[in-house]
Structure formats: C-alpha cells, structure tokens
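# Working through the structure, step by step
Given next are the chains, with one letter for each unit.
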Amino acid sequence: MTEFRRVGILGPGLLGGSIALGMEKLHPKVGVRMWARSAQRVSEIAAQGFSHATTDFDLVVGDADLIILAVPVGAMPDLAKRLIAAGVGGEQFVTDVGSVKVLPHETVGAPLKAAGIRFLGSHPMAGSDQSGFSAASPDLFEGAPCILTNDGGLPDDDVNRLVAFWSGLGARAAVMTGDEHDHLVARISHVPHVMAAICALVALENEEDGHFAGGGLRDTSRVAGGDPAMWREILSENKAAVAGPLRQGAELMQRLADLIEGGKEEALEAVLEEAQVRRRRLDNDL
Ligand code: NAP
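Description of the structure in this document. (Residues numbered from 1 in each chain as written. Predicted model: local features only at pLDDT ≥ 70, side-chain atom pairs only at ≥ 80, totals over all residues. Heavy atoms only, no water.)

Take the site of the ligand next. Not every one of the 24 residues close to the ligand is listed here, only the nearest: L14, R41, V71, S99 and G132. Within the backbone of P12, one N or O atom sits 3.4 Å away from an oxygen atom of the ligand. One nitrogen or oxygen atom from the main chain of L14 is found 2.8 Å from an oxygen atom belonging to the ligand. Contact with the protein chains removes 82% of the 900 Å² of surface that the ligand exposes when unbound. Elements supplying a minimum of two residues to the shell around the ligand: α1 (14-26) and β6 (118-124). For the shell around the ligand, the class distribution of residues is 14 nonpolar, eight polar and two charged. (Near = heavy atom within 4 Å. Polar contact = N/O pair within 3.5 Å; in protein donor to acceptor, adjacent residues only side chain to side chain. Areas by Shrake-Rupley, 256 points an atom, 1.4 Å probe, with all protein chains shown as cover. Helix = DSSP H or I, 4+ residues; strand = E, 2+ residues; numbered from the N terminus. Nonpolar A, V, L, I, M, F, W, Y, C, P; charged D, E, K, R; others polar.)

If you want it as structure tokens, here you go:
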C-alpha cells in the first residue's frame, strides 16, 4: 500500500495519465494532480473526465510528496531545473518513468541530488503503440514489471516506499542498477522493436502483399506500429547497450541465410528448436 498522500504527475500522456487514472481507481484517498504544458491539453483532458490537470506547475509540485516525471527523457532535465527552482526538497521524492535509466540518473538524478532532492528511477514495463491521455488506462500497470534504479544510493526505506507505490498500481517491482536495466531492456525490448521494424519493412516491401498476410506477420511486426519519434529517442539514448545484441541478431540472420541456402536442414532445425524452447518458456514464465 502506498505511503504517499499527494502525487504530482508531470506530463499528461499515456504513462502519466495511466498513473493518474490508476491512482483514482485504486487509491481514491490519495490526492493526484497532473501538470500539462498547454491549456489546450488541460481542456481536452477535462473533457475526457479527469478534472485534476492544470498548467500550474507550482500547484502540482508544491505539496506533492511524490513527483513523477512522465515526459520524454530528453524533456526531463528542464523539468528537473524547474523542480529545483520551485523549492522542491525535504521529504519530497522524485521519480521518472523513462524507458532508459542511465541517462535520467545523469541528467536528472545528479542535479536533483546536488540540490538535496531525492530521486529514484522507475521504468514500468507497460505501454502501448498509442500515445497521449486518450490512450491511458487505470489498469495499464496491472501485472506489469516495473524496474527501479537507485544509482543515487538512497536508503532501502526510500526504495521500499517506491516499490510499495508501484505495487499499489498492480506492478511487479524489481530493483537493479541503471546500467543493468539499460542492457536488459536493450535485449528484451529495444532490439525486438528494431526486429519488428525489419519484419515490417522486409515482409511488406510490396505493401499490397499485406492483403494476404495472416496472424503471424501481424504478431511479429505489431510493435513496429509504435511512435517512430519516441523509438528514435529510446534507441539513441540506449545506443551503447543496443548495438551489441543488434549485431548479434544480424550475425544470426546471416548464419540462417547461409544454412537455408546451403541446405543444412539439421542445423537450421536446431536453431529453430532452440528458439521454440525459449519462446515457450516465456509463456510459462508469465
Ligand atoms: P506520450 O503519451 O507521448 O506523453 C508524453 C507527454 O509528455 C505528453 O503529455 C507531452 O505533452 C509531454 N511532453 C512532451 N515533451 C514535453 C516537454 N518538452 N515539456 C513538457 N511536457 C512534454 O508518451 P508516454 O508513452 O506517456 O511516454 C512518457 C515517458 O514514459 C517517456 O519517457 C517514455 O520513455 C516512457 N515510457 C513509455 C512507454 C510506452 O510504451 N509508451 C512505456 C514505458 C515508459 P503534450 O500532451 O503537450 O504533447
């Protein structure tokens, strides 16, 4: 159960909106306010039934005991400066939801720490290929992993408070370093996204061929439908961890092409069998 009594969310998109709606549904006694950078967005969100969005930054962060940065990672350093300027500190606590973790610790965690503000990284591994408040769901985090990173070395009690917060939204929290996180998600999220993009580009070289495609192509390429600008940002921010496994994938593709072309059927089947075993274990793990 979360100990936080007032939560301030900066960024009213898919992630920020889902946290707000999840808190309203599961913890109605906790006060939630959400900051948006434009009045137009505030009106749109009010029209969708959430009345606690505002452009008043100081109102949102002033009395929040948990402040959540739910904007693109590149936009976070400016918000960190605004938090410092707004006098955030004391018992207040800041986290983010960025899809990479080393960078926010450098660009947000370090300046906040220097200003005496507590920061922990969070990455709820939940999302969709939609963006914005209209795609937000109170159930987005139900059953999803959420990785917490404590590169700033906060005490265990602080980490446990944030673990309890994410657990209270239904997530399964785990703690690791930012570097461990970035290498992990490179393999389990970022490289799969690139492979889905390759799949869409190769399979749909002639777009009209998609007319004949079955579920396999749709399943394999689904995440390639995500926002290219967001994915450009994620892949660039995690380039050091993504490049290695991506090259590993390219080598495997080259090897498979050689095996297929050379008629090495047994070796080909062995690779496919290993993939089958790993994929089936993934389902059993869930
Ligand atoms: P989103 O739906 O596009 O929402 C992003 C929000 O950030 C928008 O409300 C946008 O405001 C605001 N914003 C963008 N640039 C800003 C700036 N310079 N200053 C102030 N506000 C700004 O994106 P999202 O999916 O919620 O992603 C938010 C964060 O969650 C990102 O760091 C992303 O890496 C992370 N994340 C995403 C997923 C996913 O699958 N989508 C999963 C896990 C983590 P406007 O409404 O005015 O445009």
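Among soluble globular proteins, nonpolar side chains are generally buried collectively. Residues V7, I19, F50, F141, L162, F165 and W166 are the most contacted members of the largest nonpolar core, which totals 38 residues. Counting residues per element, this core draws most heavily on α1, which supplies six residues. If you look at the next biggest cluster of nonpolar residues, it comprises 21 residues, including M76, L79, L83 and V108. (Core = buried A, V, L, I, M, F, W, Y, C linked by side-chain atoms within 4.5 Å. Buried < 20%, exposed > 50% of the residue type's maximum accessible area, 1.4 Å probe, protein only.)

Another point: helix α10 (residues 239-261). Note: α-helices contain 3.6 residues per turn, so residues at a spacing of three or four share the same orientation. Taking 1.5 Å per residue, 23 residues should reach 33 Å; α10 reaches 32 Å between its end C-alpha atoms and fits that length. Within α10, the full set of buried residues consists of A241, V242, P245, G249 and L259. Elements that come into contact with the buried residues of α10 comprise α7 (178-203), α9 (228-237) and α11 (265-285). Immediately beyond the C-terminal end of α10, within one or two residues, lies G263, with a positive phi of roughly 65°. (Expected span 1.5 Å × (residues − 1). Contact = heavy atoms within 4.5 Å.)

Relative orientation of the contacting elements α10 and α11 amounts to 140°, with a least axis distance of 8 Å. Here α10 is positioned oblique relative to α11, judged by the angle of their axes. Remark: the crossing between α10 and α11 carries left-handed chirality. Residues R255, L256, L259 and I260 of α10 form the contact with α11, whose participating residues are A267, L268 and V271. Class assignment for the residues of the contact of α10 with α11 results in six nonpolar, no polar and one charged. (Axes fitted to C-alpha atoms, helices over the stretch in contact; angles between N-to-C directions. Parallel < 35°, antiparallel > 145°, perpendicular 65-115°, else oblique. Left-handed = near helix turned anticlockwise from the far one by under 90°.)

This part takes up the pairing of strand β4 (residues 66-69). Here β4 shows two buried faces, one formed by L66 and I68 and the other by I67 and L69. Note: strand β1 (residues 6-10) against β4, four bridges, orientation parallel. In the strand pairing of β4, L10 is matched with L69. One crossover worth recording links β4 to the parallel strand β5 (residues 93-96) by way of helix α4 (residues 76-85), and it is right-handed. (Pairing = 2+ DSSP bridges. Right-handed = clockwise from strand over helix to strand, strands pointing away.)

Among the surface-exposed residues, E106, D151, D179 and E180 lie close enough to one another that they form a single negatively charged patch. Mapped onto the elements, E180 comes out in helix α7. (Patch = residues over 30% accessible without salt bridge, like charges linked within 9 Å, V, L, I, M, F, W, Y side chains within 5 Å. Salt bridge = Lys/Arg side-chain N within 4 Å of Asp/Glu carboxyl O. Lys, Arg positive; Asp, Glu negative; His and termini not counted. Charge placed at Lys NZ, Arg CZ, Asp CG, Glu CD.)

Going through the model one piece at a time under the given rule, you end up with eleven salt bridges. Here R161 and E3 are joined by a salt bridge, their closest N and O atoms 3.1 Å apart. Taken together, the positions of R161 in helix α6 (residues 156-167) and E3 in the segment before β1 put the pair 158 residues apart, joining distant regions of the chain. Salt bridges sharing common partners tie together R6, R33 and D63.

Inspection of the entire model under this criterion finds six aromatic pairs. The interplanar angle of 50° and the centroid separation of 5.7 Å between the aromatic rings of F4 and F93 together place this pair among those described as tilted. Taken together, the residues span a long stretch of sequence, with F4 in the segment before β1 and F93 in strand β5 at a distance of 89 residues. This pair shows no difference in class: F4 is buried, exactly as F93 is. Measuring from ring centre to ring centre gives 5.4 Å for W35 and F57, while their planes differ by 85°; the resulting arrangement is edge-to-face. Residue W35 is located in strand β2 (residues 31-35), and its partner F57 is located in helix α3 (residues 57-62); the two are separated by 22 residues in the primary sequence. A connected cluster of aromatic rings, assembled from ring pairs, spans F4, F93, F141, F165 and W166. (Phe/Tyr/Trp six-rings, centres within 6.5 Å; stacked < 30°, edge-to-face > 60°.)

Note that Q92 resides in the loop between α4 and β5. Side-chain polar atoms of Q92 contact the backbone oxygen of G62, separated by 3.4 Å. Residue contacts for Q92: discarding those within four places in its chain leaves V61, G62, D63, A64, D65, I67, G87 and R118.

Everything listed here is a matter of geometry and, on its own, says nothing about what the molecule does.
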